[in-house]
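# Structural overview for review
Listed below are the residues making up each chain.
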Amino acid sequence: MIDNLLQLDKIFIQPLLQESEITLDILRLDVINEIVSGNKWFKLKYYLQDAVEKQYATIATFGGYFSNHIVATAYMCNALGLKSIGIIRGERPKILSHTLQNASKHGMQLIFMPRDKYKKKTDIIESYTNENWYWINEGGYGELGVKGAAEIFNWIDNSYSHIIATAGTGTMLAGLITAAKEHQQIIGLNVMKGNEALINEIYFLLPEKDKNKKFILLNKYHFGGYAKCPNILSEFMNDIWNKYHLPTDFVYSAKSIYAALDLIKEKYFYSGSKILVVHCGGLQGNNSLPKNILQF
Ligand SMILES: *Cc1c(COP(=O)(O)O)cnc(C)c1O
């Protein structure tokens, strides 16, 4: 049932570079839906299935003003006939972000939480114990999120030597690590600045058998921080749009493609490497940028 909600048959691999010794391809997960970011569907699917099986009628989760996870949860719950609650980090803004407007349009009830209170998630959950809500962690962090994200590998064959993906909560990355073959290296990109604890959060999600798989997390491609969009990044986004007709978002996918090209330039990869960047979408987030910055 959940599998039929989005257009998974549209997923494809876009070749980007074919140099003499290096191949770079992009896995286009962004095309499955305009609102639900590529990886969000994968991460949510087993939670929603679990909730439906346990006969919950309402899903509650957490996120910020521009959260792809929030709007994806709203959309998916709506499609499944479930109610959804979004606990939103921060006071209610005068004008709702495009993301929150969309979440609301898809039936999500928004509850705004001051930042200091928002940090204490267990207290929040406890304060709503009388409600019979099924709780999903921020970003779908957790075992069922990892299980769903591992299925992204259904589109990745053994010929790839390196798989590059960005990490917010690291749930998708953990899923990719569990599904990777022995000869495949997963390269994660931390999109946040100064969040060096992320690596521990990823390890924590990995089953014992996967904890010593080939995997690294690079911290240098944050471009100033989580939702920062310096000119160099927006110019790069326009550039790859014009060259390859490839749309990217400024929080995640643009950074992953920039990093892949940069690592190739630095000769990070051995000759014969076949690299795949997982493009997870997030394009709805570009609506928060001032108009005219992007050419697509
Ligand atoms: C949420 C998201 C990520 C990060 O996923 P995590 O599992 O939280 O690390 C990456 N790219 C896009 C487009 C996203 O929306």
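Definitions and limits used
- The residue numbers shown here count from 1 along each chain, following its written sequence.
- Given that the model is predicted, a residue must reach a pLDDT of at least 70 before its local features are reported, and side-chain atom pairs must reach 80 or more before they are shown or counted; all residues, however, enter totals for whole chains, interfaces and linings.
- Heavy atoms throughout the structure, all of them, feed into the side-chain values; hydrogens and water do not.
- Just to be clear on terms, a salt bridge is a Lys or Arg side-chain nitrogen sitting within 4 Å of an Asp or Glu carboxyl oxygen.
- Only DSSP runs of H or I reaching four residues or more are called helices, and only runs of E reaching two or more are called strands; each is numbered from the N terminus.
- Each residue is assigned to one of three classes by its accessible area relative to the maximum for its type, calculated with a 1.4 Å probe on protein chains only: buried under 20%, partly exposed between the two thresholds, exposed over 50%.
- In this analysis, the expected span of each helix is defined as 1.5 Å times one less than the number of residues it contains.
- Strands pair, by our definition, only if DSSP identifies at least two bridges between them.
- Every angle, taken between N-to-C directions, lies between 0 and 180 degrees, and every axis is a line fitted to C-alpha atoms, over only the stretch in contact when it is a helix.
- Contacts between residues were defined by any pair of non-hydrogen atoms, one from each residue, lying within 4.5 Å.

### Some words on the pattern of salt bridges
- If you walk through the whole model with that rule in mind, you get 8 salt bridges.
- One salt bridge in this structure joins Lys121 and Glu138, with 3.4 Å as the shortest N-O distance. Placement of Lys121 in helix H5 (residues 121-127) and of Glu138 in the loop between strand E6 (133-136) and helix H6 (143-150) is noted, with a sequence separation of 17 residues between them.
- Given a relative accessible area of 23%, Lys121 falls into the partly exposed group.
- Overall, Glu138 belongs to the partly exposed group, its relative accessible area being 30%.
- We note a salt bridge from Asp210 to Lys209, for which the minimum N-O separation is 2.8 Å.
- Among the residues examined, Asp210 registers a relative accessible area of 2% and is labelled buried.
- For Lys209, a relative accessible area of 61% gives the class exposed.

### Details of helix H10 (residues 253-265)
- The terminal C-alpha atoms of H10 lie 19 Å apart, and with 13 residues this matches the ideal 18 Å at 1.5 Å per residue to within 8%.
- Burial runs high along H10: 11 of the 13 residues are buried.
- Listing the buried residues of H10 in full gives Ser253, Ala254, Lys255, Ser256, Ile257, Ala259, Ala260, Leu261, Asp262, Leu263 and Ile264.
- Within two residues after H10, Lys267 carries a phi angle of roughly 60°, on the positive side.

### Describing the sheet that holds strand E1 (residues 12-18)
- Overall, mixed pairing links the 6 strands, which are arranged E1-E2-E10-E7-E8-E9 in an open sheet. Single-partner strands in this sheet number two, and they are E1 and strand E9 (215-218). For this sheet, the mean angle separating the axes of adjacent strands, direction not counted, is 25°.
- Direction of pairing for strand E7 (residues 162-167) relative to strand E8 (residues 185-190): parallel, over a ladder of 6 bridges. If you follow Ala167 over to E8, its bridge partner there is Asn190.
- Sitting on the sheet, H10 is in contact with E1, strand E2 (23-28), E7, E8, E9 and strand E10 (274-279), with an inclination near 165° to E10.

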